[in-house]
Amino acid sequence: MKTIVICSGGLDSVSLAHKVAAEHELVGLLSFDYGQRHRKELDFAAACAERLGVSHEIIDIREIGRHLSGSALTDDVDVPDGHYAEESMKVTVVPNRNAIMLAIAFGVAAARKADAVATAVHGGDHFIYPDCRPGFIDTFQTMQSHALEGYADVTLYAPYVNVSKAEIVADGARNRTPFAETWSCYKGGARHCGRCGTCVERREAFHLAGVEDPTEYDDPDFWASATGAFSAKEVK
């Protein structure tokens, strides 16, 4: 299956790129610059492509992103600290972001005769992000099948959509993903902050997966108190 991976440079999408490279035919990585404050993640996507020996393209949709205002990821809004499932994390939603990126990626895949577009949406995203849920993934596939009918047959490959981030870490470890070469933190500082929702989720995932976390955090212990009011099952 000739597959284009949408890769942000984060743990999930880099793990997915390594999975596709091991199990399918990885033809390239596609990233998007939508004006995100943590744009440094794109450098990690570029490094992933170089490591796997495939092309990497960054599609500039900053002008679109400028109109998707109100998110802590794009505007001058504080990124909240705490658990990724807390109500406060809704401020990190960029409306329709995945739908926009996927529509572009499907067009690219069709033009280049690829068989699939891979996205790393996962179960942990379901709390806050509606365009990461199984219903969206299934419906988007149906929509694209109609949009490309008679021209191309492109599959939306989302192997993590019903699994936890801990399972992604376990899968990434099996495929020798260099986790230190991934970026998650929404604050985009010199090191992972350890306090924002995505840092907490990352730190918790390594713990639950029983995999050593090579990440350097400004606050490496905050995750324990942030997850105290929530429950998660250990990956066996």
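Values in this document were obtained by computation on a predicted structure and should not be read as measured data.

Cut-offs applied
- Residues numbered from 1 in each chain as written.
- Predicted model: local features only at pLDDT ≥ 70, side-chain atom pairs only at ≥ 80, totals over all residues.
- Heavy atoms only, no water.
- UniProt positions renumbered as here; feature names shortened; annotations may be inferred.
- Buried < 20%, exposed > 50% of the residue type's maximum accessible area, 1.4 Å probe, protein only.
- Contact = heavy atoms within 4.5 Å.
- Helix = DSSP H or I, 4+ residues; strand = E, 2+ residues; numbered from the N terminus.
- Salt bridge = Lys/Arg side-chain N within 4 Å of Asp/Glu carboxyl O.

**Points about the UniProt feature "binding site: ATP" (unreviewed entry) in the protein chain**
Okay, so step 1: Feature annotation in UniProt places "binding site: ATP" (unreviewed entry) on Cys 7, Ser 8, Gly 9, Gly 10, Leu 11, Asp 12, Ser 13, Val 14, Ser 15, Leu 16 and Ala 17, given in this structure's numbering.
Okay, so step 2: Its relative accessible area of 14% is what places Asp 12 among the buried residues.
Okay, so step 3: The contacts of Asp 12, once residues within four sequence positions are left out, are Ala 120, His 122, Tyr 160, Lys 165 and Ile 168.
Okay, so step 4: Within the element layout of this structure, Val 14 appears in helix H1 (residues 11-23).
Okay, so step 5: With a relative accessible area of 0%, Val 14 lands in the buried category.
Okay, so step 6: Contacts of Val 14, omitting those with residues within four sequence positions, involve Cys 7, Gly 9, Cys 48, Arg 51, Thr 177 and Thr 182.

**Section: the pattern of salt bridges**
Okay, so step 1: One pass over the structure, following the stated rule, counts 14 salt bridges.
Okay, so step 2: Here Arg 62 and Asp 60 are joined by a salt bridge, their closest N and O atoms 2.7 Å apart.
Okay, so step 3: Owing to a relative accessible area of 46%, Asp 60 belongs among the partly exposed residues under this scheme.
Okay, so step 4: The salt bridge involving Arg 66 is made with Glu 63; its shortest N-O contact spans 2.6 Å. With Arg 66 and Glu 63 both in helix H3 (residues 62-67), this residue pair falls 3 residues apart, about one helical turn.
Okay, so step 5: Relative accessible area serves as the criterion here: at 55%, Arg 66 is assigned to the exposed category.
Okay, so step 6: Glu 63 gets classed as partly exposed once you look at its relative accessible area, which sits at 48%.
Okay, so step 7: Look at the salt bridges and you will find they share partners, linking Lys 19, Glu 23, Asp 171 and Arg 174 into a network.

**Here we look at the UniProt feature "binding site: Zn(2+)" (unreviewed entry) in the protein chain**
Okay, so step 1: As recorded in UniProt, the sites labelled "binding site: Zn(2+)" (unreviewed entry) are Cys 185, Cys 193, Cys 196 and Cys 199.
Okay, so step 2: By the secondary structure assignment, Cys 185 is in the loop between helix H6 (165-174) and helix H7 (197-209).
Okay, so step 3: With near-sequence residues (within four places) excluded, Cys 185 lies in contact with His 38, His 192, Cys 193, Cys 196, Thr 198 and Cys 199.
Okay, so step 4: Ignoring anything within four residues of it in the chain, the contact list for Cys 199 reads Cys 185, His 192, Cys 193, Gly 194 and Tyr 217.

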